[in-house]
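Architecture and fold: a report
Residue-level listing of the chains:
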Amino acid sequence: MPGRFSDWLDHRIGHRKLIDALLLEHIPGGARWRYVWGSTLAFVFMIQLITGILLMTSYSASDTSAWASVHYIQYQMDFGWLIRGLHHYGSQTMMVLIGMHMLQVVIAGAHLPPRELNWWLGLALLGVTFGLGLTGYLLPWDQKGYWATRVATNIASKTPGIGEELQRFLVGGPDYGNHTLTRFFAFHVGLLPALFIILLILHLTAFRRHGVTYPRNSQGSAMFWPDQAFRDMIACLIVFGIMLALVIFGGHGNAVAVPEDERPQGWYEELAKAGQKGWGANLDAPADRDTPDYPARPEWYFLFLFQLLKYFPGDQILVGTFYIPNGVMALLFLLPLFGFGLMRKFGHFLGILVVVALLGAVGVLTLLAKIDDSPDPLLYGLIGNKAVWEMDPETGKPKLDPETGRPMLQKDNPANDEKVKKAADFQHAVHEAEIKAKRAAQLGMAGVPVEGGRDLIRNDPLTKGYKLFETNCAVCHRFTPAKGDPFGGFTKGKFTASDLGGFGSAEWIRSLLTNPGDDRFFGLTELDGMKDWRKGVERTRKRMGKEAVAQEEKDFDMIARWLADQARPKEKRDPELDKTARAKFDDGDLDCLTCHTIDRKGDGAAPDFTDYGSHEWIRFMIMNPGHKLRHGLEKNQMPYFRNLDGPGAEVYNLEFHDALGDAKAKVIPLSDIDRELIIRWMTRDDRVVFGGRPVAGPPKRE
Amino acid sequence: MAHPDDRRSFLRWATLGLGAVFGAILGVPAVLYLIDPRNKKTRPSELRLVDGVRLDDAELNQGVPKQGVIRDVRVDAWTLHPSDALGRVWVVPAPNAPRGFRVFTTICPHMGCSVNLGEGEFACPCHSARFGFDGAQIVGPALRGMDELDWEPDPTDPQRILVRYESFQAATSAKTPIH
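Since the model is a prediction, treat every value here as computed from it, not as a measurement.

Notes on the overall build of chain B
- Looking only at helices and strands, chain B has two helices and 11 strands in total.
- The globule rule puts the C-alpha radius of gyration for 179 residues at 16 Å, and the 26 Å found for chain B is more than 25% above it.
- Counting across all 179 residues of chain B, residues that qualify as buried make up 40%.
- The long-range fraction of contacts in chain B, counting pairs at least 24 apart against all pairs at least 6 apart in sequence, stands at 43%.
- For chain B, the accessible area works out to roughly 9,500 Å², and carbon and sulfur atoms hold 59% of it.

Comments concerning the sheet that holds strand β3 (residues 79–93) of chain B
Residues and elements named next belong to chain B.
- The antiparallel open sheet is built from seven strands, whose spatial order is β9-β4-β3-β2-β1-β11-β10. Sheet topology places β9 (148–149) and β10 (151–154) at the edges, where each strand pairs with a single neighbour.
- Inspection of the sheet shows β3 paired to strand β4 (residues 101–105) by five bridges, in the antiparallel sense. Among the inter-strand pairings, V89 is bridged to a residue of β4, identified as T105.

Considering the interface of chain A and chain B
- In this assembly, 51 residues from chain A lie in contact with 49 residues from chain B.
- Here chain A packs against chain B, burying approximately 3,900 Å² in sum over the two surfaces, 54% of which is carbon and sulfur.
- The interface formed by chain A and chain B contains four salt bridges.
- Here B:R130 and A:E418 are joined by a salt bridge, their closest N and O atoms 3.9 Å apart.
- One can count 24 residue pairs in polar contact (both at pLDDT 80 or more) joining chain A with chain B.
- For the side of chain A that touches chain B, the elements supplying multiple residues, two or more each, are α7 (143–156), α8 (163–171), α9 (178–210), α12 (303–310), α15 (418–444) and α16 (454–458) of chain A.
- Taken together, the residues of the side of chain A that touches chain B break down into 19 nonpolar, 14 polar and 18 charged.

Digging into empty space enclosed by the protein
- Counted by the stated rule, this structure contains two cavities of 30 Å³ or more.
- Taken as a whole, the largest cavity spans an internal volume of roughly 140 Å³.
- A:D63, A:W141, A:A287, A:D288 and A:R454 are, among the 18 residues lining the largest cavity, the residues nearest its centre.
- Within this model, the second largest cavity holds a volume of roughly 50 Å³.
- Along its surface, the second largest cavity is lined by B:T105, B:I107, B:C108, B:P109, B:R144, B:D147, B:E166, B:S167, B:F168 and B:A170.
- In terms of residue class, the lining of the second largest cavity is built from five nonpolar, two polar and three charged.

Observations regarding the sheet that holds strand β6 (residues 122–123) of chain B
- Spatially, four strands are ordered β5-β6-β7-β8 (chain B) in an open sheet, and the strand pairing comes out antiparallel. This sheet does not close on itself; its edge strands, each paired only once, are β5 (116–117) and β8 (137–139) of chain B.

Focus: the domain arrangement of chain B
- Segmenting chain B into domains produces domain 1 (4–35) and domain 2 (42–164).
- Here domain 1 of chain B and domain 2 of chain B have C-alpha centroids that lie 55 Å from each other.

Let's talk about the packing of helix α6 (residues 116–138) of chain A against α9(A)
Residues and elements named next belong to chain A.
- Closest axis-to-axis distance for the α6/α9 pair is 9 Å, and the angle between their directions is 160°. Considered as vectors, α6 and α9 are oriented roughly antiparallel to each other. In terms of crossing hand, the pair formed by α6 and α9 is left-handed.
- Grouping the constituent residues of the contact of α6 with α9 by class yields 19 nonpolar, nine polar and no charged.

Regarding the environment of A:P160
All names here are of chain A.
- Along the chain, the position of P160 falls in the loop between α7 and α8.
- Residues P160 and W120, 40 residues apart in the sequence, show an inter-C-alpha distance of 24 Å.
- In this structure, P160 is in contact with L318, F322 and Y323, ignoring residues within four places of it in sequence.

Focus on the environment of B:P158
All names here are of chain B.
- When you line up the elements, P158 lands in strand β11 (residues 157–164).
- Spatially, the C-alpha atoms of P158 and D84 are 24 Å apart, while their sequence positions differ by 74 residues.
- With near-sequence residues (within four places) excluded, P158 lies in contact with L55 and P153.

Quick word on a nonpolar patch on the surface
Residue and element names in this part refer to chain A.
- Together, F333, L334, L337, F340, M343, F346, F349 and L353 line one region of the surface with nonpolar side chains, adding up to about 740 Å² of accessible area.
- Every element with two or more residues in the nonpolar patch is listed here: α13 (317–334) and α14 (344–372).
- At three residues, the largest contribution of residues to the nonpolar patch is made by α14.
- Residue position: M343 is located in the loop between α13 and α14.
- For M343, a relative accessible area of 37% corresponds to the partly exposed category.

Here we look at the pattern of salt bridges
- The full count for this structure, using the stated rule, is 48 salt bridges over all chains.
- A:R208 serves as the salt-bridge partner of A:E25, at 3.4 Å between the closest nitrogen and oxygen. Here the residue A:E25 occupies a position in the loop between α2 (15–23) and β1 (26–28), and A:R208 occupies one in helix α9, the gap between them amounting to 183 residues.
- Where A:E260 meets A:R263, a salt bridge forms, and the shortest distance between an N and an O atom there is 3.3 Å.
- Residue classification places A:R263 among the partly exposed positions, given a relative accessible area of 37%.
- Each member of the salt-bridge network shares a partner with another, and the members are A:D288, A:R454, A:D455, A:R458, B:R74 and B:D84.

Criteria and cut-off values
- Residues numbered from 1 in each chain as written.
- Chains lettered and ligands numbered in written order.
- Predicted model: local features only at pLDDT ≥ 70, side-chain atom pairs only at ≥ 80, totals over all residues.
- Heavy atoms only, no water.
- Helix = DSSP H or I, 4+ residues; strand = E, 2+ residues; numbered from the N terminus.
- Rg over C-alpha atoms; globule rule 2.2 N^0.38 Å.
- Buried < 20%, exposed > 50% of the residue type's maximum accessible area, 1.4 Å probe, protein only.
- Contact = heavy atoms within 4.5 Å.
- Areas by Shrake-Rupley, 256 points an atom, 1.4 Å probe, with all protein chains shown as cover.
- Pairing = 2+ DSSP bridges.
- Buried area = accessible area lost by both parts, 1.4 Å probe.
- Salt bridge = Lys/Arg side-chain N within 4 Å of Asp/Glu carboxyl O.
- Polar contact = N/O pair within 3.5 Å; in protein donor to acceptor, adjacent residues only side chain to side chain.
- Nonpolar A, V, L, I, M, F, W, Y, C, P; charged D, E, K, R; others polar.
- 1 Å grid on protein atoms, 1.4 Å probe; cavity = no way out; pocket = protein on both sides within 12 Å on 5 of 7 lines; lining within 4 Å.
- Points joined across faces, edges and corners; volume = space filled by probe spheres on them.
- Domains from an automatic or database assignment.
- Axes fitted to C-alpha atoms, helices over the stretch in contact; angles between N-to-C directions.
- Parallel < 35°, antiparallel > 145°, perpendicular 65-115°, else oblique.
- Left-handed = near helix turned anticlockwise from the far one by under 90°.
- Patch = residues over 30% accessible without salt bridge, like charges linked within 9 Å, V, L, I, M, F, W, Y side chains within 5 Å.

Right, here's the structure in full:
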């Protein structure tokens, strides 16, 4: 049947002629393994085309959505990690294969006439491949791509004559943003692939004209189909296997934690969502123009150009960015011209010499770039910097600086020179960036805010909340974290107020009841209410029996648990506990309601316990600690942290100032978002803060 | 009766000519559309508040540069960011400067990375340029020192500063604002 269908079809479209023309290529000298490089390149390009179009179906090119869409592909879509991973490693594979292909071509002397035009087409394809790599690097709109592209376009601005116009054309305006992304996207998925395909067709057509360049004394002959095609297929499979291995075992993806009930079930889901366990390509933290210290490096196959830049400082900058790279391209371009007439042997030799030297130089420069960035020696300790670390005898690893959390170089050791310090700084910056990348990947699992992925990091309680607590709160408050708490805390400095580590927990409250004068509570402050109360308790206890004291201790335990329970939403609180503990609290013997209030009951100037320890309670405390429901105007020592921005803030603040009356209040500006970040950091709540920005319109025109 | 060759010649030229007209009608706007970024302007560099630095800051007055953020509405093509960081600046104590302080943009004049504070100097993490607190390059690949910005004390609170925040063309010896 297939034969008859084929006959029928051939009668109508003549496909056999076409297929024969493509496959029945005579290969003089026989099929060879060394001819496979070009085919593997075409094969990987096809993979790039297929995976690229697949990625396009889910990618969204904009400042606010690009990172989010790539994150979604990577972590949420079935086999998104695989498609993106193949595309990512495919570009790197192509770079390596181009090197092999070029080497094979010059060794065979296939760049010499009459194949010079094809050599030039190959060089053009090389240029387009570099262009594809450069433009693709930006598209995830992550930190790596963003900062590397800033550097790359600034390099483009040095092109003699047209540089600054070229830069503006590429960037899409005076500043990096949406249009940079849409342009790079258009180049990457439209212009450059189209150019690549056209050049590839020409390259193959020109190749067919003169065929393979076989060794002079070779014998035999074969057809492309199936003799060479079989070898090509094996080679492509090996290449594909390597790519797959890189995607799965490359170790550059960031694993994310998924809630129990959303975890992949069964082998299919496990595999489809393997991005969640770190398979696939790396995704850095979302691009943020407001990053004070990002250590920008290009993709590894551009590192040699990056390294070249270092050797030509100041006015020589063009040598490294323009003259040498273009000079090398020009030299490659001229290579075939040494193949005419008597020069042919020399031309053949020169070709090998130049390409081997070039690949060698690229390799050495890449290695030098790596050496410069590493404080420790590379290649099993053979070359590079040799940092001497301050070792921890227990773990056998470098000691960490308690202040900065970074490994410490041994002081006053001459081996730790400027270069080593710089490399150590760089590695630290990379480490910090990786932490942010992991964090962003994790936070993105809950969805990315409409403002864009960068708000995941800007508004992350874990990292940003920590910094804000440091500058606003840790000036007075200690914060002793629980052991192994990833949020961290502040234990060094001169503190003048309570320790907020564990604030509002049953343990914290219980300890306060036992010893309110401890530095952990009111010891450093002039708030004496609880201290006096405890003195009263001690006095009464002298008259009490042992059992009564033990019972009172139990009551304190219960009240502590009950107060801690107030931080939870009302419907989630323990009703039994509420009944018994509230009765004790109301009981005149313990004297709580003389000073405190709860749920509109009681009076007095000490803090109100309604929803004690909840976000609402803390927010009120931060914004108005001198209110009668907190410490009261007279006793309060804490500044008022208020949002002074945005429409309506004046009204709000005027009312606030009127309410303060004569009391001297120190008001410190703190935006709504920053305040929420502090509250979430304090309560170890790691959800990103969304929205709540000051209302704004477009810039006003005069 | 015209010769058939003349007629063919006319048709040849007419077809090519009409094609050229069509090409121009589409091609010229296409090119102009593509080079539209030449029209985009940055916002005029008005004075804006530096967030996060006060001139009476204790550390600053002990000689440690402090970093501040400039925030404002930012429009990126079609996206309006109500309150975005336009950029960052280093405020450096400078006894010899007219008002005792100098303000530099954090953007490296070499290739546009963000310049960090090193030990007694500024250091760029990308291509290892190092600058003194006066902004001059100590060693490195940049063609000029760090870019200084105009600033004024905030009239409502003289310990806060207003800065004329601008970006400058990277990798040139001249300090040219990008407009």
